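# Remarks on the overall topology
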Number of protein chains: 2
Amino acid sequence: MPNRPYTQRDRSVFIVSDGTGITAENFAYAVLTQFEGLRLFQERIPFVDTEDKARETVLRINDAAARDGHRPIVFSTLVNQEINKIIQEATAMHLDLFQQFVEPLETEFGVKSTHTMGRTHHVVNDEAYKNRIEAINFSLAHDDGQTHKDLAIADVILVGVSRSGKTPTSLYLAMQHGIKAANYPLIPEDFERGSLPTALKLYREKLFGLSIMPERLSEIRNERRPNSKYASLENCRYEVAEAERLMRKEAIRSCNTTTKSIEEIATTIITEFGLNTKAY
Amino acid sequence: MPNRPYTQRDRSVFIVSDGTGITAENFAYAVLTQFEGLRLFQERIPFVDTEDKARETVLRINDAAARDGHRPIVFSTLVNQEINKIIQEATAMHLDLFQQFVEPLETEFGVKSTHTMGRTHHVVNDEAYKNRIEAINFSLAHDDGQTHKDLAIADVILVGVSRSGKTPTSLYLAMQHGIKAANYPLIPEDFERGSLPTALKLYREKLFGLSIMPERLSEIRNERRPNSKYASLENCRYEVAEAERLMRKEAIRSCNTTTKSIEEIATTIITEFGLNTKAY
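Residues numbered from 1 in each chain as written. Chains lettered and ligands numbered in written order. Predicted model: local features only at pLDDT ≥ 70, side-chain atom pairs only at ≥ 80, totals over all residues. Heavy atoms only, no water.

## Things to note about the overall build of chain A
- Regarding its fold elements, chain A presents 11 helices and 9 strands.
- Against the 2.2 N^0.38 benchmark of 19 Å for 280 residues, chain A shows a C-alpha radius of gyration of 24 Å, more extended than a compact globule.
- Structurally, chain A occupies a C-alpha span of about 70 × 50 × 30 Å along its principal axes.
- Counting every position in chain A, which comprises 280 residues, the buried fraction comes to 57%.
- Across chain A, the fraction of contacts at a sequence separation of at least 24, relative to all contacts at a separation of at least 6, is 69%.
- Accessible area of chain A: about 12200 Å², with a carbon and sulfur share of 49%.
- Of the side-chain charges in chain A, 35 are positive and 39 negative, and the distance between the mean point of each set is 4 Å. (Helix = DSSP H or I, 4+ residues; strand = E, 2+ residues; numbered from the N terminus. Rg over C-alpha atoms; globule rule 2.2 N^0.38 Å. Buried < 20%, exposed > 50% of the residue type's maximum accessible area, 1.4 Å probe, protein only. Contact = heavy atoms within 4.5 Å. Areas by Shrake-Rupley, 256 points an atom, 1.4 Å probe, with all protein chains shown as cover. Lys, Arg positive; Asp, Glu negative; His and termini not counted. Charge placed at Lys NZ, Arg CZ, Asp CG, Glu CD.)

## Some details on the state of the cysteines
All names here are of chain B.
- As enumerated under the stated definition, the model contains 0 disulfides over all chains in all.
- Free of any disulfide, C236 has its nearest cysteine sulfur in C255, 18 Å distant.
- Overall, the relative accessible area of 0% leaves C236 in the buried class.
- For C255, a relative accessible area of 8% corresponds to the buried category. (Disulfide = S-S within 2.5 Å.)

## Looking at the sheet that holds strand β4 (residues 93–96) of chain B
- Pairing is mixed across the open sheet formed by 5 strands, whose spatial order is β9(A)-β2(B)-β1(B)-β3(B)-β4(B). In this open sheet, the two edge strands, each paired with only one partner strand, are β9 (277–279) of chain A together with β4 of chain B. This sheet shows a mean twist of 15° between the axes of neighbouring strands, independent of strand direction.
- Note that β9 of chain A and strand β2 (residues 40–45) of chain B share 3 bridges and pair antiparallel. By the bridge assignment for β2 of chain B, T277 of chain A is matched with E43 of chain B.
- Packing of helix α1 (residues 22–32) of chain B onto the sheet brings it into contact with β9 of chain A together with β1 (11–17), β2 and β3 (73–77) of chain B, and relative to β2 of chain B it is tilted by some 165°.
- In the packing of helix α2 (residues 51–68) of chain B onto the sheet, the strands contacted are β1, β2 and β3 of chain B, and the crossing angle to β1 of chain B comes to about 170°. (Pairing = 2+ DSSP bridges. Axes fitted to C-alpha atoms, helices over the stretch in contact; angles between N-to-C directions.)

Below, the structure written as structure tokens:
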């Protein structure tokens, strides 16, 4: 991004965590993309769980400060107070994600936090974690209509034409949310018959349709199979029109994925099915 | 969790966002799991991008406050100031994730933030987003040694015995980080030959091994194929010992996945390969 008036370039950003730092990294990304025209260089330093590693990290941050001529930005999620104290000594602007929220919540709840490290992504024996792994296996086994088996335990069954976004959405729902998501392609045979694949009729309340603009679909398909009938705009128009007609006829809820990211499609589905709640 | 002294039960937590709210949800989870013995009920309210939706959301929060007898906790990431102002009127403890960090960063950078909505998960035309989708397709196509094609463009190739965690890790690396991760099972034929599958020898610098404790492996395999030779502790001990011997012989970097979550395994690999940096 040239021509921007901003002069403080080459700022370093560090994500420092005693766990994976993934949550902090995503959060930092959300905040930093609010600023345009900055040339930022970001590094995630995970598993900073000893005082030695904390001191190494401080050296790295101070090096960057000296090199850049500007103090780095440090987003940290450190539960251990001793380690946190060491990191805070680095020459940097410190954005301490935990302290900023944990302390007010301690007051609000009237209880002390456990200061347990990296609980978010370290939950191997946890029921929720097991559910996620099971959901990933389920979604993989039920990708692209591979099997009708166990559809009764699916949370959601996505339907749509080839390349409408079913596979990445199913995997995302499983991976991030532990939702068992099967997916079925809608194909010319279904359009000719004018009805859903028989295997799906039992599970109408679990179905969710993904649609897409024919122009975008044609683009995506052309990347895979250039100049094929499959990718032609004419064929894409036909398939999308037929798929949408089928969804209307069968009263299947649906959304258009053309300008949506995987996360947005997943969130739309989760909200539609009332899966956006969680108990601790 | 009974027998805990905490009396303020049934607290509602709302994640309010003009985007998907996924980043905020993960963040809230990381913070709230620091508190034990609380019965929290959490709801994510995404796409709050009009004043009408903001007013509906306020009603929902106020309802919960009246029902619980305690003010709810609201984690919000709202870029639009008008919408934010409406939400702030709800009866709640407000944890405004954006303002809390965006404003200090405006001062630090000496530039105003763009206040652009939901940029994190709404990047359909973005190169990074396209990379993620490509990486997902790549990792799916290269799951479980399905093909040797295009290994030259893989970022990482995971190897390990069956059920050591290769598939979920590959998909996670692709989905979250846009890393093209192939994976190959190490099987008895490889152990008998005492060397890597030929297809992998060209790409030794991309290999990363996943190992696991035989006892845990046997548990996992028994869930799939109870009482099989495949799942027997004896066989698991043999396979793990042989796989580890092969990794040592071929000087393949590796980690033990027994007590690690997908995120932790992925983070270990990313750090090992120096992929934990990002430029904006």
